[in-house]
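Chain and residue survey
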Amino acid sequence: MSRTRTALALGMAAAAALTVASATATAAPLPAAGSTTVTPAGHAFKAALSGKATLKAGSVTVTCSVSVSTGSVPAAPGNQNPSGAVSSPISPPTYSSCTSSMPGVTPTVTTTGAWSVSMQNGSPITATMTVPTGGLVVHTTGLATCTVTAAPAGPASVPGTWANGAPSSLTFSGASVPVTVSGGFGCPTSATSSTFNAVYLVSDTTNPAQQITVTP
């Protein structure tokens, strides 16, 4: 077989392989999200920090021992989604009693904007908190003056997990959050992301005898 015919045959074989691969990829879409129901419909809830929340950017870790957010389960039928997650707006979480891993540095955390949390039933049940653009800012004073801004370029999704219980809990473990850092000496200005850890206990404030639950 001539070189020209050999090259042509190889090219046709490669094209056929790509066509088969493309068809295979098209024929195997990702599985659709399952149904989700959050109850009790229309009930208000409070998420209170259990233990401590940490936000680590570069070599600097900010630790807060108090954090609270509130919200409401959507009223029926909005508390049900046959093919995906159920989302609820929440108040910007407050953070106080905060310390820094840098000696002589005091952090202050401020939050603003439209925050939300969505729950998707599954195994495990997943929860995603949405931080609006620039919705969380850490400012430090003392030996180092730094400003850490979360979600600087647009809303950021913070992945977590949900566990039904009495009370139910919302856990963020090693969740990555995009940030920008500005400031002088001692500030981790090269950091582009931070790691967030926190566990929140979620209670029903409309009827404390009931629990906020996520089911199919």
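The structure this text deals with has already been given above.
Throughout what follows, the structure given in this document is the object of discussion.

Conventions used here
- Residues numbered from 1 in each chain as written.
- Predicted model: local features only at pLDDT ≥ 70, side-chain atom pairs only at ≥ 80, totals over all residues.
- Heavy atoms only, no water.
- Disulfide = S-S within 2.5 Å.
- Helix = DSSP H or I, 4+ residues; strand = E, 2+ residues; numbered from the N terminus.
- Buried < 20%, exposed > 50% of the residue type's maximum accessible area, 1.4 Å probe, protein only.
- Phe/Tyr/Trp six-rings, centres within 6.5 Å; stacked < 30°, edge-to-face > 60°.
- Pairing = 2+ DSSP bridges.
- Contact = heavy atoms within 4.5 Å.

Re the state of the cysteines
Joining two cysteines, a disulfide is a covalent bond between their sulfur atoms. For the structure shown, the criterion picks out two disulfides. Each sulfur in the disulfide pair C64 and C98 lies 2.0 Å from the other. On the S-S bond that ties C64 to C98, the torsion sits near 105°, and the link is right-handed. Of the two residues, C64 sits in strand β4 (residues 60-72) while C98 sits in strand β7 (residues 94-100), which places them 34 residues apart along the sequence. C98 carries the same exposure label as C64, and that label is buried. With its sulfur 2.0 Å from that of its partner, C146 forms a disulfide with C187.

A closer look at the packing of aromatic side chains
Within the structure shown, the criterion is met by one aromatic pair. Relative to F196, the ring of F172 lies with its centre 5.6 Å away and its plane at 45°, an arrangement referred to as tilted. Remark: F196 occurs in strand β15 (residues 193-204) and F172 occurs in strand β14 (residues 168-183); sequence separation between them is 24 residues. Each member of the pair, F172 as well as F196, is classed as buried.

Things to note about the sheet that holds strand β16 (residues 213-215)
The strand order across the open sheet built from three strands is β5-β1-β16, with neighbouring strands paired in antiparallel fashion. At either end of the open sheet lies a strand with only one pairing partner, and these are β5 (80-81) and β16. Both strand β1 (residues 36-39) and β16 contribute to a ladder of three bridges, which runs antiparallel. Each residue of the ladder has a partner; that of T39, found in β16, is T213.

Thoughts on the environment of S50
The residue S50 is located in the loop between β2 (44-49) and β3 (53-57) in this model. Relative accessible area serves as the criterion here: at 32%, S50 is assigned to the partly exposed category. Put simply, S50 and T171 are 121 residues apart on the chain and 9.8 Å apart in space, counted from C-alpha to C-alpha. Ignoring sequence-local partners within four residues, the contact set of S50 consists of V199, Y200 and L201.

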